[in-house]
Amino acid sequence: MKIAVVTTSRSEYSLDRWTIKEIQSDQNLELQLLVGGSHLSPPFGETYKEIEEDGIKDFYKIEFTFGSDSSQALSKSVGVAAISVAQIFEKDRPDFLLINGDRYELYSFIIPAMMFRIPIGHIGGGEVTEGAIDDQIRHSITKLSHLHFVSCKEYARNISLLGEEDWRIHIVGAEGLENIIRLNFYTQEELSEKIGLNLKKPTILATYHPATAEKHISVKQQISSLLEALEKIENLQIIFTAPGVEVGSEIIMKKVKQFVSQNSGKTRFFESLGGKLYLSILKNVRCIVGNSSSGIIEAPALKLPTINIGSRQKGRVRAKSVIDISYDVDKITNTLERILSDKEYVEKITSGHSPFGDGKVSKRIVRAIKNNIKNPYLMKKKLDFDVKKDEWIRYF
């Protein structure tokens, strides 16, 4: 059976790495890897090279980015990619399509899969991120998918409430925790050599993505608030990573690069760090700041405090080490200063357990696919609750 796996970004591939390896090692399965999006974009580090470094040489490259983060360009990219995917499926049709997350470009793969009657498995459904358009995308993908792989029971319940039959829903845990368990991290000395900063000094990791559902504050104001807060703290080293490709990402990239150029002695900016390097840094810094999902999922498992800014991650299950803050500059600065100075406080908030499982994710996903791929009811989606046609009112 041929299993197609989609990856369009560095973070997505890092999460899917072990599931991909599990598929490759199964004698009854064949991997078809579909690579596109920011993986092939020079401004975002051409991260498809990381896939090749993992020993995967045979995969489809699907170019569909237009070098712009405008609404029109991103919308067009979905259509362009869908054409390429349909052409691939016409000559090399998989038996199952596995997708991950909530990004808009996933529609480019889902729509052809529907037309070719290919069952879809979705990793990461049921989650809630009220501060981004991702919620609408994620929930619609749930209704278009046939198997659901979720990180915790709360998200399984959300999918059930969306009308999905319970046998389709599998609680597997968070993929990010499998990376923590299975990757061999770089030592602090190796990290210092790779990034050019001495991590024995106070250092934080900063990753900020556009909060696309925010109405009262622009993306420029969002990132400016964060940078202004960071500038107030003396003798602090900061490692920045790039946002994903979405509306507003160019504004963030420009502001961050400008900040780094003005503070070059204590800051670094990376288009992409790769999974091993990113997690190694995360393990050795004092805090993660911004609105990345890694601050919600991986950081608590590493006993690292998270300063989560704004509403992008609002609604997600979180550990007590995640501190939610508005775009108030002074509050961001004061919270960070406390984390840097109050060891007892840090130990208290990071003492809990991760709500996202034990990290043994990839085997559960592959086992569920194998157990259900020949189910005669797999493609027969229905509402998992009764609907009485005479109990609704249409307003004109």
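Residues numbered from 1 in each chain as written. Predicted model: local features only at pLDDT ≥ 70, side-chain atom pairs only at ≥ 80, totals over all residues. Heavy atoms only, no water.

Of the regular secondary structure elements, the protein chain holds 15 helices and 13 strands. On C-alpha atoms alone, the protein chain measures out to a radius of gyration of 21 Å, which is about the 21 Å that the 2.2 N^0.38 rule sets for 396 residues. Classification of the 396 residues of the protein chain by burial places 57% in the buried group. Within the protein chain, contacts between residues separated by at least 24 positions form 69% of all contacts whose residues are at least 6 apart in sequence. Carbon and sulfur atoms form 49% of the exposed surface of the protein chain, whose accessible area is close to 18200 Å². Considering the protein chain, the positive charge centre built from 54 side chains and the negative charge centre built from 51 side chains are found 1 Å apart. (Helix = DSSP H or I, 4+ residues; strand = E, 2+ residues; numbered from the N terminus. Rg over C-alpha atoms; globule rule 2.2 N^0.38 Å. Buried < 20%, exposed > 50% of the residue type's maximum accessible area, 1.4 Å probe, protein only. Contact = heavy atoms within 4.5 Å. Areas by Shrake-Rupley, 256 points an atom, 1.4 Å probe, with all protein chains shown as cover. Lys, Arg positive; Asp, Glu negative; His and termini not counted. Charge placed at Lys NZ, Arg CZ, Asp CG, Glu CD.)

Under the defined criterion, the tally for this structure stands at 17 salt bridges. The shortest N-O distance in the salt bridge between R168 and E165 comes to 2.9 Å. By relative accessible area, which is 0% here, R168 ends up buried. The partner of D358 in a salt bridge is R364, and the shortest N-O contact between them spans 3.0 Å. With a relative accessible area of 27%, R364 lands in the partly exposed category. Among the charged side chains, a network of salt bridges with common partners joins R17, E50 and D54. (Salt bridge = Lys/Arg side-chain N within 4 Å of Asp/Glu carboxyl O.)

The sheet built from six strands is open, its strands ordered β10-β9-β8-β11-β12-β13 with parallel pairing. With one partner strand each, in any of the chains shown, β10 (267-270) and β13 (322-325) form the two edges of the open sheet. Averaged over all pairs of adjacent strands, the angle between strand axes in this sheet comes to 20 degrees, irrespective of strand direction. In this sheet, β10 lies alongside strand β9 (residues 237-241) in parallel orientation, the contact comprising four bridges. Residue I238 lies in a different strand from β10, and its bridge partner there is T267. Contacting β8 (203-207), β9, β11 (287-290) and β12 (306-309), helix α9 (residues 219-231) runs over the sheet at an angle of about 160 degrees to β9. (Pairing = 2+ DSSP bridges. Axes fitted to C-alpha atoms, helices over the stretch in contact; angles between N-to-C directions.)

Assignment of secondary structure puts T8 in the loop between β1 (2-7) and α1 (10-25). By relative accessible area, T8 is classed as buried at 0%. A polar contact of 2.8 Å, which involves the side chain of T8, links it to the side chain of E105. If we ignore the near neighbours within four places in the chain, the residues touching T8 are G36, G37, S38, H39, F64, E105 and F109. (Polar contact = N/O pair within 3.5 Å; in protein donor to acceptor, adjacent residues only side chain to side chain.)

All right, on to the pairing of β12 then. Side-chain alternation along β12 places T306 and N308 on one buried face and I307 and I309 on a second face that is also buried. Direction of pairing for β11 relative to β12: parallel, over a ladder of three bridges. Within β12, the position partnered with V289 by the bridge is I307. Two elements, β12 and β13, share four bridges in a ladder whose sense is parallel. From the neighbouring strand, N308 faces β13, where its bridge partner is D324.

Pairing is parallel in the open sheet, where seven strands are placed in the order β3-β2-β1-β4-β5-β6-β7. Looking along the sheet, the strands with just one partner apiece sit at the ends: β3 (60-62) and β7 (169-171). Here the average twist between neighbouring strands, direction ignored, is 20 degrees. Packing against the sheet, helix α5 (residues 134-144) makes contact with β4 (96-100), β5 (120-123) and β6 (147-150), and its axis sits at approximately 145 degrees to β5.

With that out of the way, let us pick up the confidence of the model for the protein chain. Considering every residue of the protein chain, the mean pLDDT works out to 90; 94% of them sit at 70 or more. Segment residues 392-396: pLDDT under 50, and zero contacts once partners within four positions in sequence are set aside and those in other chains are kept. (pLDDT = per-residue confidence, 0-100.)

In this section: the nonpolar core. Judged by nonpolar contacts, the single largest core of 37 residues is most densely connected at I204, L230, I238, F240, V289, I307 and L336. Excluding residues within four positions of it along the chain, L230 makes contact with I204, A206, I238, F240, F259 and L336. Counting residues in each nonpolar core, the second largest holds 26 residues, with V5, Y13, V35 and A368 among its members. (Core = buried A, V, L, I, M, F, W, Y, C linked by side-chain atoms within 4.5 Å.)

Let us now look at the packing of aromatic side chains. Inspection of every chain in the model, using the stated rule, returns two aromatic pairs. Here F89 and F116 contribute two aromatic rings whose centre-to-centre distance is 5.9 Å and whose plane-to-plane angle is 80 degrees, an arrangement assigned as edge-to-face. Of this pair, F89 sits in helix α3 (residues 71-91) while F116 sits in the loop between α4 (107-115) and β5, placing them 27 residues apart in sequence. By relative accessible area, F89 is classed as buried at 1%. Ring centres of F240 and F259 lie 5.7 Å apart, and the angle between their planes is 75 degrees; this geometry places the pair in the edge-to-face category. With F240 in strand β9 and F259 in helix α10 (residues 249-262), this residue pair connects regions lying 19 residues apart in the sequence. Classification of F240 by relative accessible area gives buried; the value is 2%. Exposure remark for F259: the relative accessible area of 5% places this residue in the buried category. Against the face of Y186 rests K276, its NZ or CZ located 4.4 Å from the ring centre. (Phe/Tyr/Trp six-rings, centres within 6.5 Å; stacked < 30°, edge-to-face > 60°. Lys NZ or Arg CZ within 6 Å of the ring centre and 35° of its normal.)

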